[in-house]
Amino acid sequence: MLIKERYEHNNNYDNWDAVFKHLKKHCKPSITFNDVDEDFIRGFKKFIEFEAKTKSNTLLSQNSKYTYFNKFRAAIRQAYEDGYINTNYQKKVNGFSQEETHR
């Protein structure tokens, strides 16, 4: 039940979709799980930090970097748990820090 709620929540879907779109911009179309290693993860982190842009063509905010990279790391962790990759590389690369927000 919790898994279903997790994927039905619009904000969560939008975050996953945004990560996927950024990943497609960063990666060659022929990428496979064999290409996933620590350097690949560091490369995507660098892309998120310095190149990824919003719909309005501005660099991502600190909290967007934090959210998107954490989603990406969760996907890498799941690929490891499901046996698609042999090493849990996401443990070797630190994520972004989160900024305090005032709403």
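Keep in mind that what you see is a predicted model, and the values were worked out from it rather than measured.

1. Considerations on the layout of surface pockets
Each pocket or cavity is described by its volume, and for the largest pocket that value is around 500 Å³. Taken together, 21 residues form the lining of the largest pocket, with Phe20, Leu23, Phe33, Phe72 and Ala75 sitting closest to its centre. Of all elements in the fold, only helix H2 (10-26) and helix H4 (62-81) reach the threshold of two or more residues within the lining of the largest pocket. For the lining of the largest pocket, the leading source of residues is H2, giving 7 residues. Of the residues in the lining of the largest pocket, the class split is 16 nonpolar, 1 polar and 4 charged. In this structure, the second largest pocket occupies an estimated 320 Å³ of space. Taken together, 13 residues line the second largest pocket, and the ones lying closest to its centre are Ala18, Lys21, His22, Lys55 and Tyr68. The element best represented in the lining of the second largest pocket is H2, accounting for 8 residues. Residue classes in the lining of the second largest pocket are distributed as 4 nonpolar, 3 polar and 6 charged.

2. Overview of the environment of glutamate 51
With respect to the helices, strands and loops of the structure, glutamate 51 is situated in the loop between helix H3 (38-50) and H4. For glutamate 51 and histidine 22, which are 29 residues apart along the polypeptide, the C-alpha to C-alpha distance reads 9.6 Å. Setting aside anything within four residues of it in sequence, one finds glutamate 51 in contact with Lys46 and Leu59.

3. Topic: the confidence of the model for the protein
For the protein, per-residue confidence averages 89 on the pLDDT scale, and 87% of positions sit at 70 or higher. Within the protein, the lowest mean pLDDT, 53, falls on helix H1 (residues 2-8), and the highest, 96, falls on H3.

Cut-offs applied
Going along each chain's sequence as written, the residues are numbered from 1 onward. Only residues with pLDDT of at least 70 are given local features in this predicted model, and only at 80 or more are side-chain atom pairs given and counted; all residues enter the totals for whole chains, interfaces and linings. As a convention, hydrogens and water are excluded, and side-chain values are obtained from all of the structure's heavy atoms. For cavity detection a 1 Å grid was placed over the protein atoms alone, and a set of points counts as a cavity when a 1.4 Å probe fits there but cannot get out; an open set counts as a pocket when protein lies on both sides within 12 Å along at least five of seven lines, with lining residues being those that have an atom within 4 Å of a point. Grid points are joined across faces, edges and corners, and a volume is the space filled by probe spheres set on the points. A run of H or I in DSSP becomes a helix once it reaches four residues, and a run of E becomes a strand once it reaches two; helices and strands are each numbered from the N terminus. Basically, the charged four are Asp, Glu, Lys and Arg, the nonpolar ten are Ala, Val, Leu, Ile, Met, Phe, Trp, Tyr, Cys and Pro, and anything else, Gly included, counts as polar. Only heavy atoms enter the contact rule, under which two residues are in contact if any of them lie within 4.5 Å. Each residue carries a pLDDT value, the predictor's own confidence for that position, ranging from 0 to 100.

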